[in-house]
2 protein chains.
Amino acid sequence: MSPTANQPNSDTKTLVLDCAVPLFAQKGYTGVSMREIAKAVGIQAATLYYHFPNKEALHIATMAHAFSDKAEGMSAAMSEPGTPEERLRRFINLFTFLMSGDKDFRMLLQRELLDGDEEQLETLATKVFQEQFIGIANLANEVAPGCDAHMLAISMAGLVLYHLETGPIRRFLPGGKSEHDDPEVIAHHVTSLLLNGMGGCRR
Amino acid sequence: MSPTANQPNSDTKTLVLDCAVPLFAQKGYTGVSMREIAKAVGIQAATLYYHFPNKEALHIATMAHAFSDKAEGMSAAMSEPGTPEERLRRFINLFTFLMSGDKDFRMLLQRELLDGDEEQLETLATKVFQEQFIGIANLANEVAPGCDAHMLAISMAGLVLYHLETGPIRRFLPGGKSEHDDPEVIAHHVTSLLLNGMGGCRR
DNA sequence: GTCTATATATGGATAGAC
DNA sequence: GTCTATCCATATATAGAC
């Protein structure tokens, strides 16, 4: 293997993407500099331009990298047997734990909803989320046939994500407790609300 | 009134804040430059530093300006008479229409959840949202006594806001229709879900 | 592939005239 | 109060050595 071989020693590109994910997630596109990313990787800023033509390309690649990781795992939970209610319960649980554990992913998604242009959002929707979304919508349709599965799927995901996203401010609002950050508590609340409405906690 | 009088001619400060709101909302703190804000106002960048000590102070003042406008109106809707269900219906309707009409406000709020530090979030929670939040939580407690009013209040607001925030990407997801952007459709869906759960659309 | 060095633009912020 | 002019730090991006 000569020193000029192609793949061996460095998959610097992947390393760059891994380091860029938390930076873009926490500080946003304009909040992160190429120097900052390079420093996190442990290389010089100029080297980034060998792997990516410019900052925007690096940003898009970073998002694709972060999002592609997440496209797996959930499908299995929804295709398992059980009554629609049981499967809803299982899905909300899994989804809440998954999302709860990856703050960077959630922040990237939120930033993309704020800053992404039409093309980026369409790519995200069709190439990344479509399959999972269909699974959720199908589940919604089994739990509540005849209802608008699209809106229900948004509500299902949104309920979980909003409780997670408001974590930093909820503790300052009346009635906020640390238990409200517990994925188990959130999943239980959301499941109960989805299945029975607001009165659902009185069993 | 001498030319050195204090308040008269210019409330440039207010004008600056009005112009800064949509800029910070759409591009974020690091995405907007002082020059850009000055240009939108029609003044020179240096003039901004007469009214505000630095960019961060201008940003904080901008958010206070945007948020304080919204602290009114909702209280009335919740104190009106009616059964808890009727009042919930009215509140969700009003809240959905209010939030639907002010995209800048929603984006500012989202960005604050992403970028705000503890102190800013505490200020936002206690000085701006507390009163409204208590109203929502009280309503939740009347609709569903014995349940966790804090979590229900988050769910109520979150359901509405998430449908609005995902507007740009929903149209690319399966089953997405333009009607899903209609505040009336969103409000009806959310109310039904809150009162009856997912099965609520089969009446 | 990665480096050093640098071109070039733009950012926040200040000084001082009017 | 607002302007012009400018300082200085930092940004993206490129050139060319190794």
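Anyway, here's the lowdown on the structure attached to this text.

Focus: a negative patch on the surface
- Together, Asp11, Asp18, Asp69 and Glu72 of chain A make up a negatively charged patch on the protein surface.
- Relative to the helices and strands, Asp11 of chain A resides in the segment before helix H1 (12–27).

Considering the interface of chain A and chain B
- In this complex, chain A contributes 63 residues to the contact, which on the side of chain B involves 63 residues.
- Across the interface of chain A and chain B, roughly 5500 Å² is buried in total on both sides, 72% from carbon and sulfur atoms.
- Interface area lost by chain A to chain B is led by Met151, Tyr162 and Met198 of chain A, which between them contribute 15%.
- Our enumeration of links across chain A and chain B arrives at 4 salt bridges.
- In this structure, the salt-bridge partner of Asp115 of chain B is Arg111 of chain A, at a minimum N-O distance of 2.6 Å.
- For the pair chain A and chain B, the number of links is 19 residue pairs in polar contact (both at pLDDT 80 or more).

Description of the protein's contact with DNA strand C
- Every one of the 17 residues lining DNA strand C counts as a neighbour, but Thr12, Gln44, Thr47 and His51 of chain A together with Met34 of chain B are closest to it.
- For DNA strand C, the backbone portion of the atoms within 4 Å of the protein, that is sugar and phosphate, comes to 60%.
- At 3.4 Å from a phosphate oxygen of DNA strand C is found a main-chain nitrogen or oxygen belonging to Val32 of chain B.
- In the environment of DNA strand C, a phosphate oxygen lies 2.8 Å from a nitrogen or oxygen atom belonging to the backbone of Lys55 of chain B.
- Listing elements by their share of the surface near DNA strand C, those giving two or more residues are helix H3 (45–51) of chain A together with helix H2 (34–41) and helix H3 (45–51) of chain B.

A short note on the state of the cysteines
- Applying the stated criterion across every chain, the model contains 2 disulfides over all chains.
- Bridging Cys147 of chain A to Cys201 of chain B, the disulfide has an S-S length of 1.5 Å. On the S-S bond that ties Cys147 of chain A to Cys201 of chain B, the torsion sits near -75°, and the link is left-handed. In this pair, Cys147 of chain A is assigned in the loop between helix H8 (118–143) and helix H9 (149–165) and Cys201 of chain B in the segment after helix H11 (183–196), connecting two distinct chains.
- Judged by its relative accessible area of 38%, Cys201 of chain B is partly exposed.

What counts and how
- Residues numbered from 1 in each chain as written.
- Chains lettered and ligands numbered in written order.
- Predicted model: local features only at pLDDT ≥ 70, side-chain atom pairs only at ≥ 80, totals over all residues.
- Heavy atoms only, no water.
- Patch = residues over 30% accessible without salt bridge, like charges linked within 9 Å, V, L, I, M, F, W, Y side chains within 5 Å.
- Areas by Shrake-Rupley, 256 points an atom, 1.4 Å probe, with all protein chains shown as cover.
- Salt bridge = Lys/Arg side-chain N within 4 Å of Asp/Glu carboxyl O.
- Lys, Arg positive; Asp, Glu negative; His and termini not counted.
- Charge placed at Lys NZ, Arg CZ, Asp CG, Glu CD.
- Helix = DSSP H or I, 4+ residues; strand = E, 2+ residues; numbered from the N terminus.
- Contact = heavy atoms within 4.5 Å.
- Buried area = accessible area lost by both parts, 1.4 Å probe.
- Polar contact = N/O pair within 3.5 Å; in protein donor to acceptor, adjacent residues only side chain to side chain.
- Near = heavy atom within 4 Å.
- Disulfide = S-S within 2.5 Å.
- Buried < 20%, exposed > 50% of the residue type's maximum accessible area, 1.4 Å probe, protein only.

Keep in mind these values describe shape, not function.
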